[in-house]
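A look at the structure
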Amino acid sequence: MDLIVAGNRDDLAKARGTGTVALVPTMGALHDGHRSLIRAARARADQVVVSIFVNPLQFAPNEDFSRYPRTFDADLEVCRAEGADVVFAPSAVDMYRPDRQVSVCSGEMGTIVEGASRPGHFDGVLTVVLKLFNLVHPDLAIFGQKDAQQLAVIRRMVADLDLPIEIVGAPTVREPDGLALSSRNRYLSAGERTVALALSRALRAGAAELTPSAIRATARAVLDAAGPELDLDYLALVDPATFKEVGDSYAGSAVLAVAARVGTTRLIDNVVLSLRP
């Protein structure tokens, strides 16, 4: 069956099939990382729905909403090639009433680490994700581990609101040189891309250490060595369930997360670690 493109709630309802439904929420500009999410969904569900919507609520006024890449025709070809059944591509008018008043609050987790740098960002993420869940009615939804805090706040929302949806985290996909795939990578010049590789180098170096203090110090040294062209926003070693910083006595799974600006492009990356007592 050919790919169905749905632009609103009614189109989406007509396109709904039978059996299990997997949702892959995206903002478009699809790359190999998105392809991996669609493949993961295809392996687990009878119907795969990919949403393409650049969500204005998760961008601050000084962020890149207006220049965020929009490549809809190419995105449709990616969805066809990977076996998606439906693309849901609503307009902002379809998604948000002009007199909208109610949003989802991401709580304390939405105000720390990435949330401290981007106030209100995760409220916007959760609001659009909850709306997508209510429109698509998926049995499961696939999100990339590269946006680790986003994954954590979505899991918390699903748990707190008792939503009957399985949240699946898919591994980060990287370029051969180690740079995490992102739609924003296309903004980088050749020189900026070389500088940006310090993010993944720092994560690898930190992951080779054994204690939280050594992990942070080693990763920070790699970032500092990148020079002034890399403007570090944060380096954090956190509990993956709460995104609070962990201490030296912490044992268990942890996320080493980094955000930095290279030129005009803000990049994030992370790696999941297992810390022993």
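Here, every reference points to the structure presented above.
Source: prediction; values computed, not measured. (Residues numbered from 1 in each chain as written. Predicted model: local features only at pLDDT ≥ 70, side-chain atom pairs only at ≥ 80, totals over all residues. Heavy atoms only, no water.)

**Quick notes on the overall build of the chain**
Counted only if it meets this: Elements are defined by DSSP. Helices are runs of H or I of four residues or more, strands are runs of E of two residues or more, and each kind is numbered from the N terminus. When we talk radius of gyration, it's over C-alpha atoms, and the globule rule is simply 2.2 Å times the number of residues to the 0.38. Per-residue accessibility, obtained with a 1.4 Å probe over protein chains only, is compared with the maximum for each type, and a residue is labelled buried under 20%, exposed over 50%, and partly exposed between these values. The contact criterion used is simple: two residues touch if any of their non-hydrogen atoms lie within 4.5 Å. For the area figures, the Shrake-Rupley method with a 1.4 Å probe applies, and any residue is considered shielded solely by the protein chains shown. As used throughout, the charge tally considers Lys and Arg to be positive and Asp and Glu to be negative, leaving His and the chain termini uncounted. Where a charge lies is defined by one atom per residue type, namely NZ (Lys), CZ (Arg), CG (Asp) and CD (Glu).
The secondary structure content of the chain amounts to nine helices and nine strands. For 277 residues, the compact-globule estimate of 2.2 N^0.38 gives 19 Å, and the C-alpha radius of gyration of the chain, at 19 Å, lies within 12% of that figure. Across its three principal axes, the chain shows a C-alpha extent of roughly 55 × 40 × 40 Å. When burial is assessed residue by residue, the chain has 50% of its 277 residues classed as buried. In the chain, once contacts between residues fewer than 6 apart in sequence are set aside, the share between residues at least 24 apart is 71%. For the chain, the accessible surface area stands at approximately 12900 Å², while carbon and sulfur atoms represent 52% of it. Averaging the coordinates of the 29 positive side-chain charges in the chain and doing the same for the 34 negative ones gives two points 0 Å apart.

**Quick look at the packing of helix α6 (residues 121-136) against helix α7 (residues 148-160)**
Threshold: Note on definitions: angles span 0 to 180 degrees between N-to-C directions of axes, and those axes are lines fitted to C-alpha atoms, for helices only across the stretch in contact. Throughout this description, any angle smaller than 35 degrees is read as roughly parallel, any larger than 145 degrees as roughly antiparallel, any in the 65 to 115 degree range as roughly perpendicular, and the remainder as oblique. Each crossing is labelled by how the near helix is turned from the far one, with a counterclockwise turn of less than a right angle marking it left-handed and a clockwise turn marking it right-handed. Classes in brief: Ala, Val, Leu, Ile, Met, Phe, Trp, Tyr, Cys and Pro nonpolar; Asp, Glu, Lys and Arg charged; the others, Gly included, polar.
At a minimum axis distance of 10 Å, the contact between α6 and α7 shows a crossing angle of 55°. Relative to α7, the element α6 is oriented oblique. Crossing hand, α6 versus α7: right-handed. Residues Phe-122, Val-125, Leu-126, Val-129, Leu-130 and Phe-133 of α6 pack against Gln-149, Gln-150, Val-153, Ile-154, Met-157 and Val-158 of α7. Among the residues forming the contact of α6 with α7, the class breakdown is ten nonpolar, two polar and no charged.

**Some points on the packing of aromatic side chains**
Going by this rule: Pairing of aromatic rings covers Phe, Tyr and Trp, the last through its six-membered ring, and needs centres within 6.5 Å; plane angles under 30 degrees mean stacked, over 60 mean edge-to-face, and all others mean tilted. In this scheme, Lys NZ or Arg CZ marks a charge over a ring once it lies within 6 Å of the ring centre and within 35 degrees of the ring normal.
Under the definition given, this model contains three aromatic pairs. Centroid distance Phe-59 to Tyr-68: 5.9 Å. Interplanar angle 75°. Geometry classified as edge-to-face. Take Phe-59 and Tyr-68: they sit in the same class, and that class is buried. Taken together through their ring pairs, the aromatic side chains of Phe-59, Phe-65 and Tyr-68 make up a single cluster. Against the face of Phe-65 rests Arg-70, its NZ or CZ located 4.9 Å from the ring centre. The aromatic ring of Tyr-96 is capped on one face by Arg-100, whose charged end is 5.5 Å from the ring centroid.

**Some remarks on empty space enclosed by the protein**
As a reminder, the rule being used: Cavities and pockets are defined on a 1 Å grid built over the protein atoms alone: a cavity is a set of grid points where a 1.4 Å probe fits but cannot escape, while a pocket is an open set with protein on both sides within 12 Å along at least five of seven lines, and lining residues are those with an atom within 4 Å of any such point. Grid points are joined across faces, edges and corners, and a volume is the space filled by probe spheres set on the points.
On inspection of all chains with the given rule, the structure shows one cavity of 30 Å³ or more. Considered as a void within the structure, the largest cavity measures approximately 60 Å³ in volume. Residue lining of the largest cavity: Leu-179, Ala-180, Ser-182, Asn-185, Ala-196, Leu-199, Ser-200, Leu-267, Ile-268 and Asp-269, and that is the complete set. When contributions to the lining of the largest cavity are tallied by element, the ones reaching two or more residues are α8 (190-207) and β9 (265-275). Counted by class, the lining of the largest cavity contains six nonpolar, three polar and one charged residues.

**Digging into the pairing of strand β3 (residues 47-52)**
We count it as follows: We call two strands paired when DSSP finds no fewer than two bridges between them. A right-handed crossover is one whose linking path, passing over the helix from the first strand to the second, runs clockwise when the strands point away from the viewer.
Burial of β3 is extensive: six of the six residues sit out of reach of the surface. Residues Gln-47, Val-49 and Ser-51 of β3 are buried on one face, and the alternating residues Val-48, Val-50 and Ile-52, pointing to the opposite face, are buried as well. Looking at chain direction, strand β2 (residues 21-26) and β3 are connected through six bridges and run parallel. Across the sheet, residue Thr-26 finds its bridge partner in β3, namely Ile-52. Once you follow β2 into helix α2 (residues 32-44) and on to β3, the crossover reads as right-handed. Pairing of β3 with strand β4 (residues 86-88) involves three bridges; the strand directions are parallel. Its bridge partner being in β4, Ser-51 is matched across the sheet by Phe-88. Handedness of the crossover joining β3 and β4 through helix α3 (residues 72-81) is recorded here as right-handed.

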